[in-house]
Amino acid sequence: TARAAHARQAPCWRTTRAATPAAARTSTWAASTMAYRPAREGNLLSLYINNRAGGLIFHRDFSPNAAKLDTNEQMQLASTFSGLALIMGQLAPSRPSSGMQLLEADGFLLQSFDSPTGIKFFLTAEPDAKGLDLVLREVYTYYADYVLKNPFYEMDMPIQKGGKFCQKLDRMVAQVQDRR
């Protein structure tokens, strides 16, 4: 099919397109957490922020179509994202590689952004979403302004929910969702 041909042509460290929904579910968490749920085109689903060790320090769902996960499943998913990004970086034919930036499947997109400090930001969205890299850069700006500049925040520790960071994040996501 055209999608299978696209998968063979795209470099694996930049973009991966699964030929079938079954191919997109290559690990145990994928079948239960990333199942496609039809909704308005291009909605943002979830944000994950991982520390340098790959541990989940923040998670937020933006859509009722996002996978319903308990805390343990969220932590497993986040560490899987980090491991996948590390593997993709090692598979790249050129060094240094930025690792995984975009993963495309039939039911979702996963865009990632690595900060200069080693914090990884992962955003899941519906397949037709555009400009996810710009959204992640804005999230990073909020992270730098409202989390890192907080004198009570310790690096690599979970981010407190309900603070200024969450308020700005929710406001920005609402604006993005309204434009779609």
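Our subject in this report is the structure included herewith. For clarity, every value in this text was computed on a predicted model and none was experimentally measured.

### Some remarks on helix α6 (residues 164-179)
Compared with the 22 Å implied by 1.5 Å per residue over 16 residues, the 23 Å span of α6 between its first and last C-alpha is a close match. Along α6, the residues that are buried comprise F165, C166, L169, M172, V173, V176 and Q177. Across the axial projection of α6, the buried residues extend over an arc of 135°, all falling on one side. In α6, the exposed positions angled more than 90 degrees off the buried face are occupied by D178 and R179.

### Looking at the sheet that holds strand β4 (residues 109-114)
Taken together, five strands build an open sheet; the order of strands is β2-β1-β5-β4-β3 and the sheet is antiparallel. For this open sheet the edge positions go to β2 (56-61) and β3 (102-104), each flanked by a neighbour on one side alone. On average, adjacent strands in this sheet sit at an angle of 15° to one another, irrespective of strand direction. One ladder, built from three bridges, connects β3 with β4; its direction is antiparallel. Bridge pairing links E104 to L109 in β4.

### Brief notes about the pairing of strand β5 (residues 120-125)
In terms of burial, β5 is a largely internal element, six of the six residues being buried. Where burial is concerned, the two faces of β5 agree: the one with K120, F122 and T124 and the one with F121, L123 and A125 are both buried. For strand β1 (residues 44-50) and β5, the ladder comprises six bridges, and the chain directions are antiparallel. Paired with Y48 across the bridge in β5 is F122. Examined bridge by bridge, β4 and β5 share six bridges and lie antiparallel to one another. Each bridged residue has a counterpart across the sheet, and for F113 the counterpart in β5 is F121. Following β4, the chain reverses through five residues before pairing antiparallel with β5; G118 in that reversal takes a positive phi of roughly 95°.

Quick notes on the rules
Residues numbered from 1 in each chain as written. Predicted model: local features only at pLDDT ≥ 70, side-chain atom pairs only at ≥ 80, totals over all residues. Heavy atoms only, no water. Helix = DSSP H or I, 4+ residues; strand = E, 2+ residues; numbered from the N terminus. Expected span 1.5 Å × (residues − 1). Buried < 20%, exposed > 50% of the residue type's maximum accessible area, 1.4 Å probe, protein only. Arc of directions from axis to C-beta. Pairing = 2+ DSSP bridges. Axes fitted to C-alpha atoms, helices over the stretch in contact; angles between N-to-C directions.

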